[in-house]
Amino acid sequence: MSCRDLPSLLPPFLLMKNPIQGYDWGSRDALTKLFGIPNPDGKPQAELWMGAHPNGCSEVQLNNGTQTLSALIDYDPAAALGESTLARFGSLPFLFKVLCAEKALSIQVHPSKSQAEAGFAKEEAAGIPIKAGNRNYKDPNHKPELVFALTPYQAMNGFRAIPAILALFERAKLAAIAALVADLAAAHAANQGEAGLQLFFHQLLILDGAPKEQALAELLAFAANHQDEETFALVTSLSVQYPGDVGLFSPLLLNVVTLQPGEAMFLDACTPHAYVRGTGLEIMANSDNVLRAGLTPKYIDVAELLDCTRCVAKPDDQILLSPRLEGMTGNMVQHFDVPVPDFTFSVYPAGEHQLTTASAEILFAIDGTVTLKQGDNALRLDKGQSAFIPAATGHYQLLSEGRVARAGNRC
């Protein structure tokens, strides 16, 4: 379908056809088990993308054909996005995903908005190809994220408190890095914890040769005798996936958490994190900027990573994101408020809801059939399907047999 075939007014609801990214850490059966999405080739299905990202743009069903979502938005950006979103962002500011991890993803840090803008401009000026292996910044945007668990979802998120880090390393008695652990303890005692943690993190990242091999061997030996503890069980599991990787120290450095279905967490800029296993909904700013810190064969720019990492503890009580509840007890809408304008995320229970667009929206049917209505217009979604709703839609009715995820942005 060409742009000249597009209607003069955008329909209120458009069924989406979403690409699936086949990264090797993905699950072969999660999308099929949860949503009936086939996988005839039996290959990893890591991420189902819902949005207008150039590396995986959704299509929308329109009349008797399909059109890329990006082309639909470009045809009438004010109607699709809303005037405020268009003025502030210029494009759909979020990417919505179903993420299915069978193996751990790399430990990552995402830059802040200002860091991304400066880093992108610097690499553009240096003429580094956008797809080069040593390219850090693919775009000038930040990449805050929210993940909402659909199954038990194990992850690492933010540094542990320094006393907790010290306790784990001192228990493991890693002779090869005993001096580094002692330096961290001394920095903490001198109230220089942030600088000490940054130096400790740096020294672990650049550990090489015999000291690295010895430290990892000692760590794995200790972990093998403490498999009843989540931290050390994770070390052992990761060692099978990423043998000899400095990221095997990460469970001792970072908070290890397993979200239960229905729980969520927010991952801010400059915070080291990794997804380990499980299936969840993920929404993020529309960016592809990743600085890696381990559990990967890919390029690690240690200097740039450290410049973009806040070496401060993330308290246990700040890991889970508690929803703001709305509605009747027992049938309440969950709004997961985040400190960025790029995206909003809510989960609606089964039932009937009267909604109004404030921006472009994407709805995803989590558990059952969903019907969207506005006057004579209606669209039915089966479990695992999604719809794009232009900002110009305004008031509409949502009737659902199960939970529905609603993604948008603040204007």
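Residues numbered from 1 in each chain as written. Predicted model: local features only at pLDDT ≥ 70, side-chain atom pairs only at ≥ 80, totals over all residues. Heavy atoms only, no water.

Moving on: the confidence of the model for the protein. Regions with low pLDDT carry predicted coordinates that are not meant to be interpreted in detail. Model confidence for the protein is summarised by a mean pLDDT of 94, while 98% of its residues fall at 70 or above. Across residues 1–7 the pLDDT falls below 50, and counting only partners more than four positions away or on other chains, this stretch makes 17 contacts in the model. (pLDDT = per-residue confidence, 0-100. Contact = heavy atoms within 4.5 Å.)

A few words now on the side chain of Ser106. Structurally, the position occupied by Ser106 is in the loop between β8 (94–101) and β9 (108–109). If we ignore the near neighbours within four places in the chain, the residues touching Ser106 are His273, Ala274, Arg292, Gly294, Leu295 and Thr296. (Helix = DSSP H or I, 4+ residues; strand = E, 2+ residues; numbered from the N terminus.)

Attention now goes to the sheet that holds strand β21 (residues 370–374). Paired through backbone hydrogen bonds, the strands of a sheet run either parallel or antiparallel to each other. Spatially, β19-β24-β21-β22 is the arrangement adopted by the four strands of the open sheet, whose pairing is antiparallel. Among the strands making up the open sheet, the edge pair consists of β19 (351–356) and β22 (377–381). Taking each pair of neighbouring strands and ignoring which way they run, the sheet shows an average axis angle of 20°. Direction of pairing for β21 relative to β22: antiparallel, over a ladder of five bridges. Its bridge partner being in β22, Thr371 is matched across the sheet by Arg380. (Pairing = 2+ DSSP bridges. Axes fitted to C-alpha atoms, helices over the stretch in contact; angles between N-to-C directions.)

As enumerated under the stated definition, the model contains 12 aromatic pairs in all. Between the aromatic rings of Phe159 and Phe201, the centroid separation amounts to 5.3 Å while the plane-to-plane angle is 85°, which identifies the pairing as edge-to-face. On the criterion of sequence distance, the pair formed by Phe159 in strand β11 (residues 153–159) and Phe201 in helix α8 (residues 193–205) is long-range, its members being 42 residues apart. Residue classification places Phe201 among the buried positions, given a relative accessible area of 6%. Members of the aromatic cluster, each reached through a chain of ring pairs, are Phe96, Phe148, Phe336 and Phe345. (Phe/Tyr/Trp six-rings, centres within 6.5 Å; stacked < 30°, edge-to-face > 60°. Buried < 20%, exposed > 50% of the residue type's maximum accessible area, 1.4 Å probe, protein only.)

This paragraph deals with unusual backbone geometry. As a rule of thumb, non-glycine residues mostly have phi less than zero, and peptide bonds are mostly trans rather than cis. We note that Asn63 has phi near 55°; this positive angle belongs to a residue other than glycine. Among the structural elements, Asn63 can be located in the loop between β6 (59–62) and β7 (65–68). Its relative accessible area of 57% is what places Asn63 among the exposed residues. If you check the backbone angles, Cys270 has positive phi at about 70° while not being a glycine. Structurally, Cys270 can be placed in the loop between β13 (264–267) and β14 (273–285).

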